[in-house]
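# Chains, contacts and geometry: an overview
The chain contents come next:
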Amino acid sequence: MEQIPPNLRPDESSPDWLNKGDNAWQLTAATLVALQSIPGLVILYGGMAKKKWAINSSLMAIYAFAATLICWVGWGYQMSFGDKLVEFLGKPAMALDDGFLLGQAFLGNFPAATMVWFQLGFAAITPILIGGALLGRMNFGAWMAFVPLWHTFSYTVGAFSLWSPNGWLAKMGVIDFAGGFVIHLSSGVAGFTAAYWVGPRSDNDRKRFKPNNVVMMVAGAGMVWMGWTGFNGGAPYAASTVASLAVINTHVCAATSLLTWLVLDMSVCGKGKPSAVGVVNGLITGLVCITPAAGVVQCWAAILMGLISGSIPWYTLTILSNKIGLLRHVDDTFAIFHTHAIAGTLGGILTGIFAVPKLCRLFYNVPDWEKYVGLAYALHTGRAWAGLRQLAVQIIGILFIICLNIVSTSLICLFIKILIPLRLSEEELKGGDDEVHGEVAYSLYDDDDDDDNGDTRFVNRKVNSMYDVDDFPSAVSKNTSYEMYSV
């Protein structure tokens, strides 16, 4: 004991099971994941929405994070990772006592408090993603009820089934490295289902819903991208080689998918113009696709997955959505079904093909690790049956998550509809933020405000300048006065 440096010696606040490096990384990764939601998706949604829905979009995201946090420590964490109640759900219990929070987590060499914080980021981002399919028409009161109900009766079931060591799909051998099933497939299916029950936006909004701030949208997407370092890099619950591989695979796949989507937008659509919205969609589909596989596939496989995730969701969103009646009928505001459900499904299937047995052994570190083998490697080693089994198990996991979210989301929406209107009134749909929240995202001048000082520098809103047009005539178009970009 005398040979151990004083800062590494165990004590009451640093027990012998605690790995300080792992704990530091896990807290960092958890915060990166949380930053994807707050402020990442708040900025992304706020910029991507139509101007009159910018505040509503942002508030739906930040409310979902706060509400999920309370549900998570109140009962959600234990239902997802606690003692088994049934094969697909844990026993409800609080995660608030220091006796529990300061003890060792169920996996990893760090406190349960760290695990609660890390897994919260995943639990919170999922309903925010669902909200992306419902923007521009859902009653905020109904959203306030939807988030805790969906978290309790849907998210916890998927998380326990796939991620808890006692979950039935985990025991079966489904590979979901960091949430391709639990988070992305769930949010895509749940968002599409909820959008069906809530109904579409107003006709005018469906026809014209351009981003109100493209730069802010791209900045938010960039924060989500970089935050994915913690999203996938934290999944091994250790500062390990697998974590490093997961991080590089994540960014390689994301970049490949982004570039693939960009090229398709420029070459196939006929306009020949790079699209910022297309770049964001391509980035997201790549990140989603690699998530179930990030630490268990080779880097060359991440490139292949990026090519697939940048092309198939592009096709379903750009081409197929105009040909299939259900996709045309359901108003999925930010195409969450395509970017998360389709991409998550692709990731789950491709994981069953490209998963490397050695990497699965390093990640799972369990005696029966040999059952985790991608079909490509199984065929190469003469274990075709094992590879087909893994692919079948992946498909079973996909089907379970799809069915779970269609049924649970439908029941939740129908229940809420009895108590609260799911949809905003026609007056609220027309007025947007001003009508729903009494606020507007951009306001240089308020006609209702009295200007005691006689300051009228901001009155001329056609010029968007503190100076009058006559002061700088060259700054104004010869044809018309310059007007702010309006959606």
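Anything mentioned here points back to the structure above.
Now for a description of the structure that goes with this document. Remember, it's a predicted structure, so these values are computed and weren't measured experimentally. (Residues numbered from 1 in each chain as written. Predicted model: local features only at pLDDT ≥ 70, side-chain atom pairs only at ≥ 80, totals over all residues. Heavy atoms only, no water.)

Among the structural elements, F88 can be located in the loop between β1 (84-86) and β2 (89-90). C-alpha separation for the pair F88 and S161, spaced 73 residues apart in sequence, amounts to 4.7 Å. What F88 contacts, discounting residues up to four positions off in sequence, is T156, V157, F160, S161 and W168. (Helix = DSSP H or I, 4+ residues; strand = E, 2+ residues; numbered from the N terminus. Contact = heavy atoms within 4.5 Å.)

In total, this model carries 23 aromatic pairs according to the counting rule given. Relative to F81, the ring of W72 lies with its centre 6.3 Å away and its plane at 85°, an arrangement referred to as edge-to-face. Exposure class is identical for W72 and F81. Each is buried. Members of the aromatic cluster, joined through ring pairs, are W72, Y77, F81, F100, F106, W150 and Y155. (Phe/Tyr/Trp six-rings, centres within 6.5 Å; stacked < 30°, edge-to-face > 60°. Buried < 20%, exposed > 50% of the residue type's maximum accessible area, 1.4 Å probe, protein only.)

This part is about the layout of surface pockets. Approximately 1,200 Å³ is the volume attributed to the largest pocket. Along the wall of the largest pocket there are 35 residues; nearest its centre are V277, N281, L317, T333 and A335. For the lining of the largest pocket, the leading source of residues is helix α11 (residues 276-290), giving 4 residues. Class assignment of the residues belonging to the lining of the largest pocket gives a composition of 16 nonpolar, 8 polar and 11 charged. In this structure, the second largest pocket encloses a volume near 840 Å³. Around the second largest pocket sit 35 residues that line it, and L107, Y237, F363, Y364 and V366 are the ones nearest its centre. Ranked by residues supplied to the lining of the second largest pocket, first place goes to helix α15 (residues 357-364) with 4 residues. The residue makeup of the lining of the second largest pocket, split by class, is 22 nonpolar, 7 polar and 6 charged. (1 Å grid on protein atoms, 1.4 Å probe; cavity = no way out; pocket = protein on both sides within 12 Å on 5 of 7 lines; lining within 4 Å. Points joined across faces, edges and corners; volume = space filled by probe spheres on them. Nonpolar A, V, L, I, M, F, W, Y, C, P; charged D, E, K, R; others polar.)

To find leftover empty space, a probe the size of one water molecule is rolled over the atoms. Taken as a whole and judged by the stated rule, the model has 2 cavities of 30 Å³ or more. The computed volume of the largest cavity comes to approximately 170 Å³. Of all the secondary structure elements, the ones that give two or more residues to the lining of the largest cavity are α1 (20-48), α4 (112-131), α9 (214-233), α11 and α14 (336-354). The biggest single contributor to the lining of the largest cavity is α1, with 4 residues. For the lining of the largest cavity, a count of residues per class yields 12 nonpolar, 4 polar and no charged.

A full pass over the atoms with the stated rule returns 5 salt bridges. Residue K50 pairs with D205 through a salt bridge whose shortest N-O separation is 2.8 Å. A residue pair is termed long-range when its members are at least 10 positions apart, and K50 in the loop between α1 and α2 (54-81) and D205 in helix α8 (residues 203-207) qualify at 155 residues. Assigned by exposure class, K50 and D205 land together as buried. Here K52 ties to D205 by a salt bridge, and the two come within 3.6 Å at their closest N and O atoms. With K52 in the loop between α1 and α2 and D205 in helix α8, the pair connects residues that are 153 residues apart, well separated along the chain. Residue class for D205 comes out buried when judged on its relative accessible area of 0%. Through salt bridges with shared partners, a single ionic network connects K50, K52 and D205. (Salt bridge = Lys/Arg side-chain N within 4 Å of Asp/Glu carboxyl O.)

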